[in-house]
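# Commentary on secondary and tertiary structure
Each chain, letter by letter, is given below.
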Amino acid sequence: MDLVNISTSQTLGRSINTSLATGLCVLIIMVASIYFQIESIIEFSLPMLFGVITGCYSSICVAGNLWAYWEKRKEPIWSGGSVLNNLTIVLAYICGTVFSAIAGKIGIQVATIANIKTAEAAQKGGLKPSFLSAFRGGAVMGMAVVGSSLLGVTLVMMITGDSVALLGFSFGASSLALFAKAGGGIFTKTADISADLVGKVELGIPEDDPRNPAVIADNVGDNVGDVAGMGADLFDSNVASTVSALVMAIALSKKIGVDYAAMVFCYASLGLLSSIIGVMAARMGKKGDPTMALNMSTYLTTGIFAVLTAAATVVFQFDWRIWGATAVGLFVGVIIGITSDYFTNDNKKPVRNVAKASESGPAFTILSGISYGFLSVLPAMVGIGISAMISYNLCASIAPEDPTAGMFGISMAAVGMLSIVGMIISNDAYGPIADNARGLVEMGDLGDEALEITDSLDSAGNTVKAVTKGFAIAAAGLTIISLLGAFMSEVNDSAGTIVLTGFDIINPKVFFGMLVGASVPAIFSAMLMLGVDRNAQRMVSEIHRQFREIKGLKEGKPGVVPEYDKCIDIATNGALKELIPAGLVSILVTIVVGFVGGVESVGGYLAGNIISGLLLALFMSNSGGLWDNAKKYIEAGGNGGKGSEAHKAAVVGDTVGDPFKDTAGPSINTQITVVSLVASLMSSLFLAFSLF
């Protein structure tokens, strides 16, 4: 029997076993969801996620292989793969989703408590205690994500000792992150846009005025999208970088007899320790600048990690070339963070220039923001490219005849870039906590001084969020480059010989895949933003209805309360409805390209997807953060202050930027990871069946 037919039979066996096992798990989770009346968007989307991905993957695998069996009359369809091994992979997949969801759940609960403590501290204690309340509340989310990801990967490795099971765990984390970030982004930006357009632009009422029916949905959305959603995103990136490094470390260890997996676990653990020390050391300086305090904590954590890993390299006699690759990723991540800070900090020229342009109307706000957003892409893209080149060449000499060594270097650069992910998530979760604390201060009428303090904290949170998104996107870029290597390895393993050594863009099949792959992030982003648009229009209509029908609501008469639950229902139901198509299209296009052009087209598809996705993600993240802080700079008194024409134009810019920075932008890097893993999982089918 030839190699392709063996691969086909084995893949069919695996897909049938996986279908049965995963189908049972889906049923259990759906029944549990109904029984416990789970309404959280993250939890409720989980069974739908299992159903969609399992249905697509299993149906195509089974249909294709049944056809192959019918035509070729080879081995029985149940002969490929061990049931126990496939159940292990399925369980690892489910564990990846569960660990990510648990971290998000903990983060939301603690963030809700921290909102209240931060608002109270702003009223009673001043800026420094309020800052610490918000930051340490975010740190709980940061430590939960890093701890759960490291624990999950370690347990899967200890129990199975199988690198394929690690990929299953990573795929579970990526799957949940795609739907959690996309769904959470649609929820939060639906409420945010609706509240701003009706409240600020139409009625001229404050941002968190309790008369606005969308204000509670807006505050809930900050936790759903920016705490749980971003936490799932960075959980995915951290797991994917660690798993890709471990997979290649195991492969290298078998060939040259050195245990590189121990080095990966050691560095990841030291990253967690460095983040804990950085969080404990975080303090507000004499100048009382929360942005500087957050950035200094990040730089301190970076330095601690570099020193600790260097010491571990000496003590345990690790390879200094791998430490060098890790250090390159770490410091390039810091540089990308600094460039993101320059383009989104309200103390820097780009934000102030956009605020100045807003005096001439919203068209100039949009035009200048888009321009600076495109300019911000270059430093990050160059940094990712340099990091990949240096780390590859540093580690390629470990095994010159094996390209896995160089790809291992790139994966370790990604590990280095995400080594301080605990601090990164702490900074990121700080933002929505500070934002909601500001809302509580305004709704509770806790005084102008408390409002000024929380405004300062909120502005710092927006700036730092742009920096953390830059970290996440850059690290995802490096991780996905190594996943492209994993795809090549899977294809060669399935064929039993060297089929792929690279991808030549002159080859029409590769070029076809590259063009399609480059278009997918744009389509994915458009579908998500159109979802926000449709959902926001429904919510705006509901807000108008309430102001029209509830007597005394607009005037703020005592005892008159909006129907907040109506807006929350619209945001929740709309997000659940809109999040599925975008993720489904990304997966289906990957499968179609594979069956049309084969493995070479898929290689080009992944390369185009990576380059286009990184560019769009960085552009949207930075331009959205810039518009947001330009609005806040004007609200703080610059360029005419609140109520001015510049303020109205800046609100329009911020409305455009909201789905850029909080829905589509940060979801793209997760989309790239998901399609890369889908391509690797289905590589043997693409090798066996394609039109060209």
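Values in this document were obtained by computation on a predicted structure and should not be read as measured data. (Residues numbered from 1 in each chain as written. Predicted model: local features only at pLDDT ≥ 70, side-chain atom pairs only at ≥ 80, totals over all residues. Heavy atoms only, no water.)

### Some words on the overall build of the chain
Assigned secondary structure in the chain consists of 19 helices and zero strands. With 692 residues in all, the chain has 61% of them scored as buried. Long-range pairs, those at least 24 residues apart, make up 83% of the contacts in the chain between residues at least 6 apart in sequence. Surface exposure of the chain reaches about 25,100 Å², of which carbon and sulfur atoms provide 67%. (Helix = DSSP H or I, 4+ residues; strand = E, 2+ residues; numbered from the N terminus. Buried < 20%, exposed > 50% of the residue type's maximum accessible area, 1.4 Å probe, protein only. Contact = heavy atoms within 4.5 Å. Areas by Shrake-Rupley, 256 points an atom, 1.4 Å probe, with all protein chains shown as cover.)

### Remarks on the packing of helix 6 (residues 215–256) against helix 18 (residues 645–681)
In the contact formed by helix 6 and helix 18, the axes pass within 10 Å of each other and the chain directions differ by 25 degrees. The angle between helix 6 and helix 18 falls in the class roughly parallel. Crossing geometry of helix 6 relative to helix 18 is assigned as left-handed. Residues Asp 226, Met 230, Asp 233, Asp 236, Ser 237 and Ala 240 of helix 6 lie in contact with helix 18, whose contacting residues are Asp 662, Pro 666, Asn 669, Thr 670 and Thr 673. Here the residues of the contact of helix 6 with helix 18 are counted per class, giving three nonpolar, four polar and four charged. (Axes fitted to C-alpha atoms, helices over the stretch in contact; angles between N-to-C directions. Parallel < 35°, antiparallel > 145°, perpendicular 65-115°, else oblique. Left-handed = near helix turned anticlockwise from the far one by under 90°. Nonpolar A, V, L, I, M, F, W, Y, C, P; charged D, E, K, R; others polar.)

### Concerning unusual backbone geometry
Most of the time, phi is negative for any residue but glycine, and the peptide bond is trans. One non-glycine residue, Gln 317, lies in the positive phi region at around 55 degrees. For Gln 317, a relative accessible area of 72% corresponds to the exposed category. A positive phi is found at Asn 639, a non-glycine position, where the angle reads about 50 degrees. Position of Asn 639 among the secondary structure elements: in the loop between helix 17 (564–635) and helix 18.

### With respect to the environment of Phe 595
In this structure, Phe 595 sits in helix 17. Sequence separation of Phe 595 and Ala 688 is 93 residues, and the distance between their C-alpha atoms is 9.0 Å.

### Observations concerning a negative patch on the surface
Together, Asp 445, Asp 448, Glu 449 and Glu 452 line one region of the surface with negative charge. Of note, Glu 452 is situated in helix 15 (residues 448–495). (Patch = residues over 30% accessible without salt bridge, like charges linked within 9 Å, V, L, I, M, F, W, Y side chains within 5 Å. Salt bridge = Lys/Arg side-chain N within 4 Å of Asp/Glu carboxyl O. Lys, Arg positive; Asp, Glu negative; His and termini not counted. Charge placed at Lys NZ, Arg CZ, Asp CG, Glu CD.)

### As for the packing of aromatic side chains
Each aromatic ring pair is described using two quantities: the centre-to-centre distance and the angle formed by the ring planes. Using the criterion set out here, one finds 13 aromatic pairs in the structure. The interplanar angle of 70 degrees and the centroid separation of 5.9 Å between the aromatic rings of Phe 99 and Phe 169 together place this pair among those described as edge-to-face. Taken together, the residues span a long stretch of sequence, with Phe 99 in helix 3 (residues 83–124) and Phe 169 in helix 5 (residues 163–203) at a distance of 70 residues. For the residue pair Phe 99 and Phe 169, the accessibility class agrees, reading buried in each case. (Phe/Tyr/Trp six-rings, centres within 6.5 Å; stacked < 30°, edge-to-face > 60°.)

### Quick look at the environment of Asp 654
In this structure, Asp 654 sits in helix 18. Using a relative accessible area of 1% as the deciding quantity, one classes Asp 654 as buried. Considered as a pair, Asp 654 and Gly 624 are 30 residues apart in the sequence and their alpha carbons are 6.9 Å apart. Ignoring anything within four residues of it in the chain, the contact list for Asp 654 reads Asp 196, Trp 627, Asp 628 and Lys 631.

### Some remarks on a nonpolar patch on the surface
Residues Leu 378, Val 382, Ile 386, Met 389 and Ile 390 make up a contiguous nonpolar surface patch of about 450 Å² in total accessible area. Overall, Leu 378 belongs to the exposed group, its relative accessible area being 57%.

### Digging into the packing of helix 10 (residues 349–357) against helix 17
Remark: helix 10 packs on helix 17, axes separated minimally by 9 Å, with the N-to-C direction vectors making an angle of 65 degrees. One element, helix 10, and the other, helix 17, form an angle in the roughly perpendicular class. As helix 10 runs across helix 17, the sense of the crossing is right-handed. Side by side, helix 10 and helix 17 meet where Pro 350, Val 351, Arg 352, Val 354 and Ala 355 of the first sit next to Leu 626, Trp 627, Asn 629, Ala 630, Tyr 633 and Ile 634 of the second.

### Quick look at the confidence of the model for the chain
The predicted model of the chain has a mean per-residue pLDDT of 80, with 86% of residues at 70 or higher. When mean pLDDT is taken per element in the chain, helix 11 (residues 362–375) scores highest with 94 and helix 1 (residues 3–35) scores lowest with 35. Segment residues 1–80 is flagged for pLDDT under 50; beyond a separation of four residues in sequence, or across chains, it makes 122 contacts in the model. (pLDDT = per-residue confidence, 0-100.)

### So, the pattern of salt bridges
Tallied over the full model, the rule gives 22 salt bridges. Here Arg 438 ties to Glu 442 by a salt bridge, and the two come within 2.8 Å at their closest N and O atoms. Placement of the pair is Arg 438 and Glu 442 together in helix 14 (residues 421–443), with a separation of four residues, close to one helical turn. For Arg 438, a relative accessible area of 3% gives the class buried. What makes Glu 442 buried here is its relative accessible area of 16%.

### Quick look at the nonpolar core
When a protein is soluble and globular, its nonpolar side chains tend to lie buried together. Counting residues in hydrophobic clusters, the biggest one holds 177 residues, and the most contacted among them are Phe 408 and Tyr 430. With 24 residues, helix 17 is the largest single contributor of residues to this core. Phe 408 has contacts with Ala 245, Met 248, Ala 249, Leu 252, Tyr 260, Val 264 and Ile 322, leaving out every residue within four places of it along the chain. (Core = buried A, V, L, I, M, F, W, Y, C linked by side-chain atoms within 4.5 Å.)

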